[in-house]
Amino acid sequence: MNKNVQTFIGCDAEYAEADIVLCGIPFDGTTSYRPGARFGPSAMRAESYGIETYSPYVDRDLQDVPVFDAGDLELPFGDTKKALTMTEERVAAFLADGKTPFLLGGEHLITLGAVRAVARKHPALHILHLDAHADLRADYLGEPLSHASVMRRIWDIVGDGRIHQFGIRSGERAEFAFAAKHTHMRRYDLTGFADTVAALKNEPVYVTVDLDVLDPAGFCGTGTPEAGGVPFTALLAAVHSLSTCNLVGCDVVELSPHYDMSGASTAAACKLTREIILQIKGA
Ligand code: MN
Ligand code: MN
């Protein structure tokens with residue numbers, strides 16, 4: 001007899017033997033439009049049993065990779081600063097134990113907690129940011145800690161030229177002006193992603209996938225759907241180019257499962273997560 005403990009499919013290694021640690025951050029406290037991303041990690045774990053552990057794309061299997069699923073971080077309601085500090089501390093603990101952290105969101109602001117810890121360990125950190133939204137607002141309605149400001153807060157840490165944005169098709173004029181000066185931004189699609197990955201070959205890289213980069217026609221399970229996005233196959237091709245890269249941290253955020261009752265969005269998030277895990281070196 002076994003205890004009923006549900007992990008993401010194929011991620012049932014013990015902590016000591018794992019190279020990669022999955023951790024759910026069920027936080028959507030600053031979501032500006034439709035909340036629900038807090039249900040992302042649990043939905044992904046449950047629905048992951050609908051996909052295979054084997055990837056025919058890369059001929060690798062999650063069962064051959066030691067991944068520990070740390071479950072969800074238990075967060076206080078209504079305290080954004082504390083949620084971020086707890087995320088940062090949890091990621092720092094994984095890094096101190098030599099693990100590569102892989103967070104399941106939750107809204108996009110959780111990336112700030114992770115990057116605070118990862119950038120301390122890797123000061124030369126580069127960020128690969130895939131998103132419909134620039135997320136470069138100085139603040140959102142006066143609040144500097146918002147999912148609409150997450151890349152601006154990360155810029156505060158990593159500085160000019162270290163944030164590489166792809167698929168961006170929404171934001172204020174001021175965000176695009178900021179990007180022209182301080183980040184590398186590719187609008188609308190993922191063209192050039194593989195070239196950027198190749199150029200960063202020897203650098204530590206954190207990849208953050210805001211799932212709303214996908215076209216809402218195929219992926220509607222998210223809080224701020226933005227028309228004109230990339231097809232899943234394009235996102236998959238981008239992810240597969242990560243194999244040459246020194247990935248030191250990852251996240252997949254902004255799945256809001258209840259906005260897609262078909263379950264297709266959650267299934268897409270699960271498949272993408274599997275494919276990213278299988279790109280992590282040493283994995
Ligand atoms: Mn975002
Ligand atoms: Mn977004």
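Attention in this report is confined to the structure presented alongside it. (Residues numbered from 1 in each chain as written. Chains lettered and ligands numbered in written order. Predicted model: local features only at pLDDT ≥ 70, side-chain atom pairs only at ≥ 80, totals over all residues. Heavy atoms only, no water.)

**Topic: the pairing of strand 9 (residues 204–210)**
Burial runs high along strand 9: 7 of the 7 residues are buried. What you see with strand 9 is no split at all: Pro204, Tyr206, Thr208 and Asp210 on one side and Val205, Val207 and Val209 on the other are buried throughout. Of the strand pairs in this sheet, strand 6 (residues 126–130) and strand 9 are connected by 5 bridges, and their pairing is parallel. Note that in strand 9 the partner of Ile127 across the bridge is Tyr206. (Buried < 20%, exposed > 50% of the residue type's maximum accessible area, 1.4 Å probe, protein only. Helix = DSSP H or I, 4+ residues; strand = E, 2+ residues; numbered from the N terminus. Pairing = 2+ DSSP bridges.)

**As for helix 1 (residues 40–47)**
For helix 1, the full list of buried residues reads Gly40, Pro41, Ala43, Met44 and Arg45. The inward-facing, buried residues of helix 1 contact strand 1 (20–25), strand 4 (67–72), strand 5 (100–105) and helix 8 (264–277). (Contact = heavy atoms within 4.5 Å.)

**Considering the coordination of the manganese ion (ligand 1)**
With distances of 2.1 to 2.2 Å, the protein atoms coordinating the manganese ion (ligand 1) are His108 (ND1), Asp131 (OD), Asp135 (OD) and Asp210 (OD). In primary sequence terms, the donor set of the manganese ion (ligand 1) follows H-x22-D-x3-D-x74-D. In this structure, the manganese ion (ligand 1) is positioned 3.3 Å from the manganese ion (ligand 2), and both are ligated by Asp131. A relative accessible area of 0% means that Asp131 is categorised as buried. (Donors = N, O, S within 2.8 Å, 3.2 Å for Na, K, Ca; no water.)

**Some words on the coordination of the manganese ion (ligand 2)**
Every protein donor of the manganese ion (ligand 2) is listed here as Asp131 (OD), His133 (ND1), Asp210 (OD), Asp212 (OD) and Asp212 (OD), and their distances to the metal cover 2.1 to 2.4 Å. On the primary sequence, the residues serving as donors to the manganese ion (ligand 2) are separated as D-x1-H-x76-D-x1-D.

**Comments concerning the pairing of strand 1**
Of all the 6 residues making up strand 1, 6 are buried; the element is thus mostly covered by neighbouring parts of the structure. On strand 1, burial covers both faces: Ile20, Leu22 and Gly24 on one face and Val21, Cys23 and Ile25 on the other are all buried. Looking at chain direction, strand 1 and strand 4 are connected through 4 bridges and run parallel. The residue of strand 4 that forms the bridge with Gly24 is Asp72. Summarising the sheet, strand 1 and strand 5 pair through 6 bridges and their orientation is parallel. Residue pairing across strands places Cys23 opposite Leu103, the latter belonging to strand 5.

**Structural notes on the side chain of Glu107**
Considering the arrangement of structural elements, one finds Glu107 in the loop between strand 5 and helix 3 (110–121). Despite being buried, Glu107 has no salt bridge partner; Arg38 is the closest side chain of opposite charge, sitting 8.5 Å away. From its side chain, Glu107 meets the backbone nitrogen of Gly29 in a polar contact 3.3 Å long. Once residues within four sequence positions are removed from consideration, Glu107 is found in contact with Phe27, Asp28, Gly29, Thr30, Thr31, Ala37, His147, Val253 and Glu254. (Lys, Arg positive; Asp, Glu negative; His and termini not counted. Salt bridge = Lys/Arg side-chain N within 4 Å of Asp/Glu carboxyl O. Polar contact = N/O pair within 3.5 Å; in protein donor to acceptor, adjacent residues only side chain to side chain.)

**What to know about the packing of aromatic side chains**
For the coordinates displayed, the defined rule picks out 4 aromatic pairs. On the basis of an interplanar angle of 85° and a centroid distance of 5.0 Å, the ring pair of Trp155 and Phe178 is categorised as edge-to-face. With a gap of 23 residues between them, Trp155 in helix 4 (residues 150–158) and Phe178 in helix 5 (residues 173–182) connect regions that are remote in the sequence. On the accessibility criterion, Phe178 (10% relative accessible area) is buried. Considering the side-chain rings of Phe166 and Phe193, the 5.0 Å spacing of their centres and the 70° angle between planes classify their relative orientation as edge-to-face. (Phe/Tyr/Trp six-rings, centres within 6.5 Å; stacked < 30°, edge-to-face > 60°.)

**Looking at the environment of Leu112**
Residue position: Leu112 is located in helix 3. Classification of Leu112 as buried rests on a relative accessible area of 2%. Note: C-alpha distance between Leu112 and Thr85 (27 residues apart in sequence) is 9.5 Å. Contact partners of Leu112, with chain neighbours within four places excluded, come to Leu84, Leu145, Val150, Arg153, Ile154 and Ile157.

**Re the nonpolar core**
Residues Phe102, Leu128, Leu130, Leu211 and Leu235 are the most contacted members of the largest nonpolar core, which totals 44 residues. At the level of secondary structure, the elements contributing two or more residues to this core comprise strand 1, strand 5, strand 6, helix 6 (193–199), strand 9, helix 7 (232–240), strand 10 (246–253) and helix 8. The element best represented in this core is helix 8, accounting for 6 residues. Core analysis: the next-biggest nonpolar cluster, separate from the first, contains 37 residues, Phe27, Leu73, Leu103 and Ile154 among them. (Core = buried A, V, L, I, M, F, W, Y, C linked by side-chain atoms within 4.5 Å.)

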